[in-house]
Amino acid sequence: MTKILSCLTQTAFLLIAPFALAAEMASITSIDVSNVSAEKQVVKVTFNGAPPTPTSFSVNTPPRIAFDFANTTNQAGKSSVQVNGASLRMINVAEGTGRTRLVFNLQKPASYETTVENNSLLISIDGASTASVNKNSAPTRTNAQFAESKQTGKREGIQDIDFRRGSAGEGKVVIDLSSSNVGIDIRQQGKKLLVEFSKASLPKNLERSLDVADFGTPIQKVDTFSQGDTIKMLIEPKGNWEYSAYQTENRFVVEVRDAADGKGKASLAKQNYKGEKLSLNFQSVEIRTVLQVIAEFTGLNIITSDTVNGALTLRLKDVPWDQALDIILQAKGLDQRKSGNVLWIAPRDELAAKETAELEAKKKISGLEPTRTEYFLLKYAKAIDAQKLLSEGKGKDASTSLLSERGTVASDLRTNQIIVQDIPSKLEQVRELLSKIDVPVRQVMIEARIVEAEDGFTKNLGVKWNGLYANKNAGVAGGLTTKEYGTTNTFTGPALDGSKPSVNLPAAAIGGFNPGSIALLLAGSDGLLGLELSALEQDGKGKIVSSPRLVTADQVEAVIEDGQEIPYSESSQNGATSVSFKKATLSLKVTPQITPDGSVFMDVAVNKDSRGEATLSGPAINTKQIKTKVLVENGGTVVIGGIYIEDTTNTVTQIPLLGDIPVMGNLFKNRTSVKAKRELLIFLTPRVLQSDLTLR
């Protein structure tokens, strides 16, 4: 910043190309200052004829505004004017070869506007509006006035209006002008931004309203209309916003972006450009002159190629200097290369050709450079893996190989060393690569908990009827003998088998246990009747917890199994019989990957198999399996799967008709009730191990 001050105040300052060349030299005859208010001063610069249109630029830190008058001499008789106002402190006047510069030394950043009155140029300095901006409120910049329209006898105008969304979310209104001489004035009007194009024409198809709210920028609406010989454009933003405007040749761009929130949070646009803000106003100026102004402002040493030439029309208002430089380079097809505080600027093609030539020269030098041999002892990585990595692409695609065309690599598995022969620059790259990959791999312990719970209830109810009768007239031995009141009566006839019940619906056994029973016997003169009630109930609960765990390296698959292999016989096509085995195991297979934030991403498979019932082809295998991929924080537990089964069975077996009799029908029924609940849950817990941790 101090360099730009010295440039502004010294007599031998940089001469800016004129806005318009005058046929005769103009002279400043007097400089007068009047105070409109405490914050506003008006400087009246009087000339001996029509005032020439100046070029201007401003500096925010320290606050300065400079006006350059081409083909103008200083006849005011003074080199400085002391003001000591609230906004304007002092005016310095410096005259060079056919040029005169007025430097306004400000107390603080302020806005300004210029108007022409007869032979005088009135410059209004207002510090109130800029002070409100510095308070991080909604923008209130007023009268950011660009150069007035140049009288050429031909009425210029707008050729096209376009809207674009910037990469940082800012809204861009792009106006293509028929000439760079169109006068432009931009200022805030209430909550809107007003852009005026003086003495310009607007085609009917461009006199319209653009609704751009869907672009997701601060700009919601753009209205363009004619008012007399002036074109007005109203830009309606939303929220807390700020703007910048610039012109390159025949294109004028207004950018509106989110403003800072007052707490040091920069807007999106400021994340890309961080230079100090400046304002520039050049009309048909040599591009070398503009680059020299930026060099003086930034303190950089700028070297321009001999092929950089041409004129440029540029109007910038409160734009970071690095953004201003990018705009200039893009407008003229230039590019930059920076080394320290030296900036080299040349056409893009010239820079690309020079860099290509440098790379080809380096390639030729590397082809002549002698090779050396180095031995690298690896501590953690395997030599054979390092050899494959270094020789990948060798002989096929040299661009994918880490060695040069003359480089070779070999490995010694016994000492875990690799031997590399190549040029010194490639050896240095190999050394850097091995230092990155030859490091201990972090390890992960994965613990799985498989919980199986069972809850079962079974109830069986049954009945059995038995009847026995005798024939008194049979007279055959083997009859039935009964005693009645001490008298023995013998019934002769065939012996009847009372073990065959007439109703046989007993309760079934459960788990090898027979049911309990209650028997009743009714005896009469002609026979016996027996009733047997049987019942059995079983209630059981079970829980099985399996917890396999293992330790493995990052991104290395690991497997742990526990169980048995069940033999079974199978026949081949020639009739021979062989014995094969089926696995019924509890297994955990997992491939962990440690993420940068310390979490663990796992590709996991869990099996819980057991021996099932026997079949003709061999024993069946009861299988429970889950395969999934899951991300878990270090030390966290996640349920990766679960199975819940509920089985309810109610069976009634009865004698037709008799079993349907209310109440009494229960004596002719068999009831079976079974309720079973089974639940399986699988939990997974990964832990990133430190070097001193083990499975314990």
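Being a predicted model, the structure only gives us computed values, none of them experimental.

Here we come to the overall build of the protein chain. The secondary structure content of the protein chain amounts to seven helices and 42 strands. Relative to its full complement of 696 residues, the protein chain shows a buried share of 41%. Here the analysis covers contacts within the protein chain between residues at least 6 apart in sequence; of these, 64% occur between residues at least 24 apart. As presented, the protein chain carries roughly 37800 Å² of accessible surface, and 50% of it is formed by carbon and sulfur atoms.

Moving on to the side chain of Asn-74. Take Asn-74: it is sitting in strand β5 (residues 72-74). Only 3.1 Å separates the side chain of Asn-74 from the backbone oxygen of Lys-78, close enough to count as a polar contact. Look past the residues within four positions of Asn-74 in its chain and what remains in contact with it is Ile-28, Val-93, Glu-95 and Thr-100.

Let's shift gears to a positive patch on the surface. Among the surface-exposed residues, Lys-459, Arg-671, Lys-675 and Lys-677 lie close enough to one another that they form a single positively charged patch. Mapped onto the secondary structure, Lys-677 falls in strand β42 (residues 669-689).

Next up on the list: the pattern of salt bridges. Oppositely charged side chains can form a pair if their charged atoms are brought close together. Applying the stated criterion across every chain yields a total of 23 salt bridges. A salt bridge links Lys-354 to Glu-358; the shortest N-O distance between them is 2.5 Å. Of the two residues, Lys-354 and Glu-358 both sit in helix α5 (residues 348-368), four residues apart, roughly one turn of that helix. A residue is classified by how much of its surface remains accessible, and Lys-354, at 37% relative accessible area, is partly exposed. Between Lys-624 and Glu-452 there is a salt bridge, with the nearest N and O atoms lying 3.5 Å from each other. Remark: Glu-452 occurs in strand β30 (residues 443-469) and Lys-624 occurs in strand β40 (residues 618-632); sequence separation between them is 172 residues. What makes Lys-624 partly exposed here is its relative accessible area of 28%. Here Glu-452 falls in the buried class, since its relative accessible area comes to 12%. Linked by salt bridges that have partners in common, Lys-172, Glu-242, Glu-255 and Arg-257 make up one network.

Let us look at the confidence of the model for the protein chain. Summary statistics for the protein chain give a mean pLDDT of 78 and a share of 82% for residues scoring 70 or more. Low pLDDT, under 50, characterises residues 1-23; the stretch is placed with 64 contacts to residues that sit more than four places away or in other chains. Here residues 147-152 is a poorly scored stretch, pLDDT under 50, and it has 20 contacts once near neighbours within four places are set aside; other chains count.

A word on the sheet that holds strand β39 (residues 600-615). With respect to topology, four strands assemble into an open sheet ordered β37-β38-β39-β40, the strand pairing being antiparallel. Edge positions in the sheet fall to β37 (558-571) and β40, since each of these pairs with one other strand and no more. If you compare each strand with its neighbour and ignore which way they point, the axes differ by 15 degrees on average. Sheet analysis places β37 next to strand β38 (residues 577-594), joined by 14 bridges and oriented antiparallel. Across the sheet, Asp-562 pairs through a bridge with Leu-586, a residue of β38.

So, about the sheet that holds strand β6 (residues 80-82). Reading across the sheet, the twelve strands line up as β6-β7-β8-β4-β3-β22-β24-β20-β21-β13-β12-β16 and stay open at both edges, with mixed pairing between neighbours. Edge positions in the open sheet fall to β6 and β16 (200-201), since each of these has one partner strand only. Both β6 and strand β7 (residues 88-95) contribute to a ladder of three bridges, which runs antiparallel. The partner of Val-81 across the bridge, within β7, is Ile-91. Packing of helix α3 (residues 287-298) onto the sheet brings it into contact with β3 (55-59), β22 (277-286) and β24 (311-320), and relative to β22 it is tilted by some 160 degrees. Along the sheet face, helix α4 (residues 321-331) touches β20 (241-248), β21 (251-258), β22 and β24 and points at about 155 degrees away from the line of β24.

Across its 14 residues, helix α7 (residues 424-437) extends 20 Å between first and last C-alpha, which sits within 8% of the 20 Å expected from 1.5 Å per residue. Among the residues making up α7, those that are buried are Lys-426, Leu-427, Val-430 and Leu-434. Looking straight down α7, one finds its buried side chains confined to an arc of 100 degrees; they lie on one side. In this structure, the buried side of α7 is in contact with β27 (372-377), α6 (383-391) and β29 (417-422).

Note on backbone geometry: most residues besides glycine have negative phi, and most peptide bonds are trans. In the Ramachandran plot, Asn-416 falls in the positive-phi region, its phi being about 55 degrees despite a non-glycine side chain. Relative to the helices and strands, Asn-416 resides in the loop between β28 (408-412) and β29. The backbone phi angle of Gln-555 is positive, close to 65 degrees, even though this residue is not glycine. Looking at the element boundaries, Gln-555 is found in the loop between β36 (549-553) and β37.

The next subject is the pairing of strand β15 (residues 192-198). In regular strands, side chains alternate between the two faces of the sheet. The element β15 is largely enclosed, with a buried count of five among its seven residues. Bridging between strand β14 (residues 183-189) and β15 involves seven bridges; their strand directions are antiparallel. By the bridge assignment for β15, Gly-183 is matched with Ser-198. Note that β15 and strand β19 (residues 230-237) share six bridges and pair antiparallel. Looking across to β19, one finds that Leu-193 is bridged to Ile-235.

Our focus in this paragraph is the packing of aromatic side chains. With the rule as written, the count across this model stands at five aromatic pairs. Pairing Phe-67 with Phe-104 gives two aromatic rings, centres 5.4 Å apart and planes at 70 degrees, and the pair type is edge-to-face. Taken together, the positions of Phe-67 in strand β4 (residues 64-70) and Phe-104 in strand β8 (residues 99-106) put the pair 37 residues apart, joining distant regions of the chain. Of the two residues, Phe-67 and Phe-104, neither departs from the other in class, the shared state being buried. Look at Phe-197 and Phe-252: their rings are 6.2 Å apart centre to centre, the planes differ by 90 degrees, and that puts the pair in the edge-to-face class. Placement of the pair is Phe-197 in strand β15 and Phe-252 in strand β21, with a sequence separation of 55 residues. Accessibility expressed as a relative area gives 0% for Phe-252, which makes it buried.

Reading guide: rules and limits
Residues numbered from 1 in each chain as written. Predicted model: local features only at pLDDT ≥ 70, side-chain atom pairs only at ≥ 80, totals over all residues. Heavy atoms only, no water. Helix = DSSP H or I, 4+ residues; strand = E, 2+ residues; numbered from the N terminus. Buried < 20%, exposed > 50% of the residue type's maximum accessible area, 1.4 Å probe, protein only. Contact = heavy atoms within 4.5 Å. Areas by Shrake-Rupley, 256 points an atom, 1.4 Å probe, with all protein chains shown as cover. Polar contact = N/O pair within 3.5 Å; in protein donor to acceptor, adjacent residues only side chain to side chain. Patch = residues over 30% accessible without salt bridge, like charges linked within 9 Å, V, L, I, M, F, W, Y side chains within 5 Å. Salt bridge = Lys/Arg side-chain N within 4 Å of Asp/Glu carboxyl O. Lys, Arg positive; Asp, Glu negative; His and termini not counted. Charge placed at Lys NZ, Arg CZ, Asp CG, Glu CD. pLDDT = per-residue confidence, 0-100. Pairing = 2+ DSSP bridges. Axes fitted to C-alpha atoms, helices over the stretch in contact; angles between N-to-C directions. Expected span 1.5 Å × (residues − 1). Arc of directions from axis to C-beta. Phe/Tyr/Trp six-rings, centres within 6.5 Å; stacked < 30°, edge-to-face > 60°.

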